[in-house]
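Coordinate analysis (summary)
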Amino acid sequence: MADTGKTAKLTLDDKTVELPVLSPTAGPDVIDIRKLYAQAGVFTYDPGYTSTASCASSITYIDGDKGELLHRGYPIDQLAEKSHFLEVCYLLLYGELPTAEELEDFESRVTHHTMIHEQMHNFFRGFRRDAHPMATMVGVVGAMSAFYHDSTDINDPWQREVASIRLIAKMPTIAAMAYKYSIGQPDIYPRNDLDYSSNFLRMCFAVPAEEYEVNPILSRAMDRILMLHADHEQNASTSTVRLASSSGANPFACIAAGIACLWGPAHGGANQACLEMLREIGTVDRIPEYIKRAKDKSDPFRLMGFGHRVYKNFDPRAKVMKQSADEVLELLGIENNETLKVAKELERIALEDEYFIEKKLYPNVDFYSGIILDAMGFPTSMFTPIFAVARTVGWVSQWKEMIADPEMKIGRPRQLYTGYTRRDYVDVENR
Ligand code: SDX
């Protein structure tokens, strides 16, 4: 992050302050306002952080106008085609694509951390069977703080490394256990002879009563879904993890906070909401009614899976996901999937509609993912937990980067106060 030598002048009343302008390796310059309040006695105001860079990061870059997503410089479409999830995990965590030996060692370390402490199984039984799996995941991941004390000291690089591997390795196991518990089936333990995605599918769909063969088509599709959801710059849940971690809280508690934030329907919960919306629409002839509602300001309905804070062109992940949806349904022999037909027609109509064009609303990563997950046999309640499994590496990578950043300090935003100014207490008899 270079100081351009340029400054931005801000004049307020009779005072002018000059603020340094910093230049990134890609994307817009930033005005460094860290000294603004000290020099000018004013705050900036940016609810939702639409124009605010919260940190410096070298992990993921998004160009919303070009529809470009780079992980450590590598385009997501190339990674989706040529790489696999654990290799992308290595890239996000350590900054470079691994050699064959580095990859083998990393995969072995993850594989050998996939089991959770046996006593943690009791946590699941404390939940109602019909608890949303995201509720279970928030609770159980937070409880990891109570079991893995030897990797909670964030000042010890080795403990940070162990916590990172444990979180990436155990998240599929926890998500699968949450699913099994919700359907009253016994837990299926991970197997070290399976790759990450195959292991997850087996833990979700195998039963002790019979052998389970992983379908390679589904395993590849799952791996691609995990890759497409791995990291995404400073989105709401990643920002939650960064803010929670800035107080020095342990990594398990901070990732649990990220899971809680991801659950919201405006964020990671959109994949569940999107499939439920597509099912509610039901048939192509009912699409115009929902397009009308999405445009109606008095109607809170929004097209789930559409729109994005950053992408004002197509979401490159949605393009890959759409292609994967076609492939998976065809390979599974699922013809005439009405939901996929509704999704494609909805996309076509929306992209020709003035409202969506003017507001630059395109399908995002959540628009097609639910169709694939549904075809795999997952209930909609498992869509966001799968997003959380994938995004754990992004949260952990961003957390590691922040902890190691010498400029890191506790996050403590200010406010535009609109409440009462000072007034005296009134006794109840005088109110
Ligand atoms: C994810 O940040 C990330 O990177 C997130 C994510 C990641 O990988 O981490 O990419 C994952 O969260 C994807 C987004 C999933 N959410 C949804 O699909 C829910 C539906 N989308 C919207 O809720 C909305 O588009 C957001 C939340 C995604 C973005 O909201 P913004 O950036 O705050 O935009 P906005 O709400 O200000 O919308 C701008 C305008 C508004 O109209 P006006 O007030 O200007 O008249 O567009 C309209 C909105 O009403 N609009 C929509 C719409 N999304 C925005 N209108 C209808 N349907 C929609 N989906």
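Please refer to the structure higher up on the page.
Residues numbered from 1 in each chain as written. Predicted model: local features only at pLDDT ≥ 70, side-chain atom pairs only at ≥ 80, totals over all residues. Heavy atoms only, no water.

**Section: the sheet that holds strand β2 (residues 15-23)**
Rule in force here: What makes two strands pair is DSSP finding at least two bridges between them. Starting at the N terminus, helices and strands are each numbered in turn, a helix being any DSSP run of H or I of at least four residues and a strand any DSSP run of E of at least two.
An order of β1-β2-β3 is seen for the 3 strands of this open sheet, with the pairing classed as antiparallel. Of all strands in the sheet, those with a lone pairing partner are β1 (2-12) and β3 (30-31), marking the two edges. Inspection of the sheet shows β1 paired to β2 by 8 bridges, in the antiparallel sense. Among the inter-strand pairings, Leu 10 is bridged to a residue of β2, identified as Val 17.

**Observations regarding the environment of Ala 26**
Residue position: Ala 26 is located in the loop between β2 and β3. In the structure, Ala 26 is positioned 14 residues away from Ala 40 in sequence and 29 Å away in space, judged by C-alpha atoms.

**Concerning the sheet that holds strand β5 (residues 68-71)**
Strand order in the open sheet formed by 3 strands is β4-β5-β6, with antiparallel pairing between adjacent strands. A strand with exactly one partner marks an edge of an open sheet, and here the two such strands are β4 (60-63) and β6 (74-75). One ladder, built from 2 bridges, connects β5 with β6; its direction is antiparallel. Bridged to Leu 70 within β6 is Pro 75.

**Topic: the layout of surface pockets**
Where we set the bar: Cavity and pocket criteria rest on a 1 Å grid covering protein atoms alone: a 1.4 Å probe that fits but cannot get out defines a cavity, protein on both sides within 12 Å along at least 5 of 7 lines defines an open pocket, and an atom within 4 Å of a point defines a lining residue. Grid points are joined across faces, edges and corners, and a volume is the space filled by probe spheres set on the points. When residue character is reported, Ala, Val, Leu, Ile, Met, Phe, Trp, Tyr, Cys and Pro are called nonpolar, Asp, Glu, Lys and Arg charged, and the others, Gly included, polar.
What the second largest pocket holds in volume is close to 230 Å³. Lining the second largest pocket are 19 residues, and of these Leu 86, Leu 194, Asp 195, Tyr 196 and Ser 197 sit closest to its centre. Secondary-structure elements contributing two or more residues to the lining of the second largest pocket are α4 (100-111), α7 (157-182), α8 (196-205) and α9 (216-228). Here the lining of the second largest pocket takes 4 residues from α8, the largest share from any one element. Taken together, the residues of the lining of the second largest pocket break down into 7 nonpolar, 7 polar and 5 charged.

**Comments concerning helix α13 (residues 287-295)**
Worth spelling out the cut-off: In this scheme, a residue with accessible area under 20% of its type's maximum is buried, one over 50% is exposed, and one in between is partly exposed, where area comes from a 1.4 Å probe on protein chains only. The directions considered for the arc are those from the helix axis to the C-beta atoms. Contacts were defined at the residue level, with two residues in contact if any of their heavy atoms lie within 4.5 Å.
Ile 287, Tyr 290, Ile 291 and Ala 294 are the residues of α13 that are buried. The buried residues of α13 all sit within an arc of 105 degrees when viewed along its axis, so they share a single face. On the buried face of α13, the contacting elements are α12 (270-281), α15 (338-351) and α16 (354-358).

**Observations concerning empty space enclosed by the protein**
Inspection of every chain in the model, using the stated rule, returns 2 cavities of 30 Å³ or more. Within this model, the largest cavity holds a volume of roughly 50 Å³. Met 115, Ile 116, His 121, Thr 173, Met 177, Asp 187, Ile 188, Tyr 189 and Pro 190 are the residues that line the largest cavity. Of the residues contributing to the lining of the largest cavity, the split by class is 6 nonpolar, 2 polar and 1 charged. Forming the boundary of the second largest cavity are Ile 225, Leu 226, His 229, Asn 271, Ser 369, Leu 373, Phe 383, Ile 386, Phe 387 and Ala 390. Looking at the lining of the second largest cavity, the elements that each hand over two or more residues are α9, α17 (366-376) and α18 (383-403). Ranked by the residues each element gives to the lining of the second largest cavity, the list is headed by α18, at 4 residues. The class makeup of the residues in the lining of the second largest cavity is 7 nonpolar, 3 polar and no charged.

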